[in-house]
Amino acid sequence: MKRLLNTLYVLTEDSYLSKQGETICVHVGGAEKIRVPVHTLESILCFGNTTVSTPLIAFCGEKGIGLAFYSDQGRFYGRIEGPVRGNVLLRTKQYSAASTEQALLMAKNFVATKIANGRNILLRSARDSNNHEADSKLKKAAQKIAYLSSQLATAENHDQIRGIEGIVANRYFAVFDCMVKVNKEDFYFEKRSKRPPMDRVNALLSFLYMLLANDIRSALEGVGLDPAVGFLHAMRPGRPSLALDIMEELRAPLCDRLALALIKLKQVQGDGFELTPTAVRMTEETRKTVITAWQKRKMDEITHPFLEEKMPIGLIPHIQSQLLARYLRGDLDSYPPFYWK
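On a predicted model such as this, the values are computed, not experimentally measured, just so you know.

With respect to the overall build of the protein
So, point 1. What the protein contains, in helices and strands, is nine helices and twelve strands.
So, point 2. Here the protein has a C-alpha radius of gyration of 20 Å; the compact-globule value for 341 residues is 20 Å, and the two agree.
So, point 3. Once the C-alpha set of the protein is aligned to its principal axes, its extents read approximately 55 × 50 × 35 Å.
So, point 4. Scored against the burial criterion, the 341 residues of the protein give a buried share of 54%.

Regarding the sheet that holds strand 4 (residues 31–37)
So, point 1. Pairing in this open sheet of four strands is mixed, and the strands run 4-3-2-6 from one edge to the other. The open sheet is flanked by strand 4 and strand 6 (50–52), the only strands paired with a single partner. Here the average twist between neighbouring strands, direction ignored, is 25°.
So, point 2. In terms of strand pairing, strand 2 (residues 15–20) meets strand 6 through three bridges, oriented parallel. Residue pairing across strands places Ser15 opposite Thr50, the latter belonging to strand 6.

Some remarks on the packing of aromatic side chains
So, point 1. Applying the stated rule across the entire model yields eight aromatic pairs.
So, point 2. An angle of 75° between the planes, with centres 5.2 Å apart, marks the rings of Tyr172 and Phe173 as edge-to-face.
So, point 3. Residue classification places Tyr172 among the buried positions, given a relative accessible area of 6%.
So, point 4. Within the aromatic cluster, the residues linked to one another by ring pairs are Tyr172, Phe173, Phe176 and Phe189.
So, point 5. In this structure, Lys19 is placed above the aromatic ring of Phe59, and the distance from its NZ or CZ to the ring centre is 5.0 Å.
So, point 6. Positioned above the aromatic ring of Tyr209 is the side chain of Arg251, whose terminal nitrogen or guanidinium carbon lies 4.7 Å from the ring centre.

Concerning the nonpolar core
So, point 1. Membership of the largest hydrophobic core comes to 94 residues, with the highest contact counts inside it found for Phe176, Phe231 and Leu324.
So, point 2. Not counting the four nearest positions on each side in its chain, Leu324 is found in contact with Met106, Leu225, Phe231, Leu242, Ile246 and Tyr335.
So, point 3. Counting 17 residues, the second-largest nonpolar core is a separate cluster that includes Leu8, Ile24, Cys46 and Leu67.

Structural notes on the pattern of salt bridges
So, point 1. Under the defined criterion, the tally for this structure stands at 14 salt bridges.
So, point 2. We note a salt bridge from Lys137 to Glu133, for which the minimum N-O separation is 3.6 Å. Here Lys137 pairs with Glu133, and both are found in helix 4 (residues 132–153), just four residues apart, close to one helical turn.
So, point 3. Between Arg251 and Glu248 there is a salt bridge, and its shortest N-O distance comes to 3.7 Å. In this pair, Arg251 and Glu248 are both assigned in helix 7 (residues 241–264), three residues apart and thus about one turn of the helix distant. Each member of the pair, Arg251 together with Glu248, is buried.
So, point 4. A cluster of three or more residues bridged by salt bridges with shared partners is formed by Lys114, Glu165, Glu248 and Arg251.

Some details on the state of the cysteines
So, point 1. On inspection of all chains with the given rule, the structure shows zero disulfides.
So, point 2. This cysteine, Cys46, is not joined by any disulfide, and Cys60 carries the nearest cysteine sulfur, 8.6 Å off.
So, point 3. Accessibility expressed as a relative area gives 2% for Cys60, which makes it buried.

Here's the deal with helix 7
So, point 1. Between its first and last C-alpha, helix 7 extends 32 Å over 24 residues, near the 34 Å set by a 1.5 Å rise per residue.
So, point 2. Largest kink in helix 7: about 65°, centred on Leu250, with the proline Pro253 one to four residues after it.
So, point 3. Buried residues dominate helix 7, accounting for 21 of its 24 residues.
So, point 4. Just past helix 7, the residue Lys266 takes up positive phi, approximately 60°.

Focus on the sheet that holds strand 8 (residues 76–80)
Sheet strands pair via backbone hydrogen bonds, and the direction of the pair is either parallel or antiparallel.
So, point 1. The sheet built from four strands is open, its strands ordered 1-5-7-8 with mixed pairing. Unpaired on one side and paired on the other, strand 1 (6–10) and strand 8 mark the two borders of the sheet. Sheet twist, expressed as the mean angle between neighbouring strand axes with direction ignored, is 20°.
So, point 2. Sheet topology note: the strand 5 (residues 41–47)/strand 7 (residues 66–70) ladder contains five bridges and is parallel. Along strand 7, the bridge assignment pairs Phe47 with Tyr70.
So, point 3. Together, strand 1, strand 5, strand 7 and strand 8 form the strand contacts of helix 6 (residues 200–223), whose direction differs from that of strand 5 by roughly 140°.

Cut-off values and rules
- Residues numbered from 1 in each chain as written.
- Predicted model: local features only at pLDDT ≥ 70, side-chain atom pairs only at ≥ 80, totals over all residues.
- Heavy atoms only, no water.
- Helix = DSSP H or I, 4+ residues; strand = E, 2+ residues; numbered from the N terminus.
- Rg over C-alpha atoms; globule rule 2.2 N^0.38 Å.
- Buried < 20%, exposed > 50% of the residue type's maximum accessible area, 1.4 Å probe, protein only.
- Pairing = 2+ DSSP bridges.
- Axes fitted to C-alpha atoms, helices over the stretch in contact; angles between N-to-C directions.
- Phe/Tyr/Trp six-rings, centres within 6.5 Å; stacked < 30°, edge-to-face > 60°.
- Lys NZ or Arg CZ within 6 Å of the ring centre and 35° of its normal.
- Core = buried A, V, L, I, M, F, W, Y, C linked by side-chain atoms within 4.5 Å.
- Contact = heavy atoms within 4.5 Å.
- Salt bridge = Lys/Arg side-chain N within 4 Å of Asp/Glu carboxyl O.
- Disulfide = S-S within 2.5 Å.
- Expected span 1.5 Å × (residues − 1).
- Bend = angle between axes of the 7 residues up to and from the residue.

What follows is the structure, given as C-alpha cells:
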C-alpha cells in the first residue's frame, strides 16, 4: 500500500525556497525557518508571495514532487510538473472511456455517491441536533436529495446528470446553516459563494476544497491518470475535471465535516477572518490552524468500504485513484466509489 507522505504548506509572505542537498529549505527575511528531507514529501503548496529557486524546481520535477502556487486565500495559480508519469496505455483507455457510454455511467456513479454521502452528513447532524426546527429541515433535505437518486438512474445524458447534481448541491447547501450550531453571529451561512466567498463559512469551505482538490490531483497523477479528462465535469483548458469528479464523493465526509467540527470546537474564531465589501478572507493564523487540522484529520484511520482494510483518511484519494485505474484497465467490472458510513 502507498505510504502516506507529507505536504509542505508555505504560508508566510516573502518566503524563499531552495534546495540544499537532499533537503528543501525555507528562508524568510534571510533567516532559515525550516529544512525538510525530500524523501518525506509528496507535494509543496505555496501561498501568496513565495519565491522558489530554479534548482529546486528542477529537483522537484526529477523527484516527482508536486509544486503548486496559490493566492493567499487559496485561489489556484499554477502547477509545475516534471516529465509525464504513468502508463500511456492507461491514459489511452481513459481518453476512450471519456467519449463513450462509459462516461455516462461514471458520471451517474459520482453523483449517486455525492447524494449518499451528503444525505449521511445531513442525517448525522439531525441526530445530534437539539433544535427541533433544524432537525426537521435537515431530515426533509436528506429525503429530497435521496429522491433525486431515482431520477439519476433514468438520466439519458450529461446535461441531465449535471442538472440533478446542481439541484442536489442547492438543496444540501440550503440547510447547511442548520448544521452550524455554535457562534452563529460569526458563522452564519446563507448560500454557497465561491469566487469570492462572502462569509466565514464559505471561506472555510473553499479553502478545504482547495486542499482536497490538490490531494486528488496529485493522487491521479501518481497512478498515471490525466486529471484533466473527467467523466462528469465538462473538460476545459486548465480545469482538473477528473479531480473534480472524485471530489464529488469526498467533499461532504472529508471537508464539510471538518469545517463544521472546527466551528463547533471553536478552533476557528470570527476575528480570524478579514471582512471586506467584496470578500471574506482568512488570516494567516487561521489558515495555519485549518491546515494543521487537515493534516491531523488525514492521519485518522477508517475501514475502506470496498477494500475492507484500515487505512489513514489521507490515503483515500490515492486508493480511489488506484481503483479507477484498475477499472479502466478492465481489472474491475465497475468503479467502486467511496461511500462514507
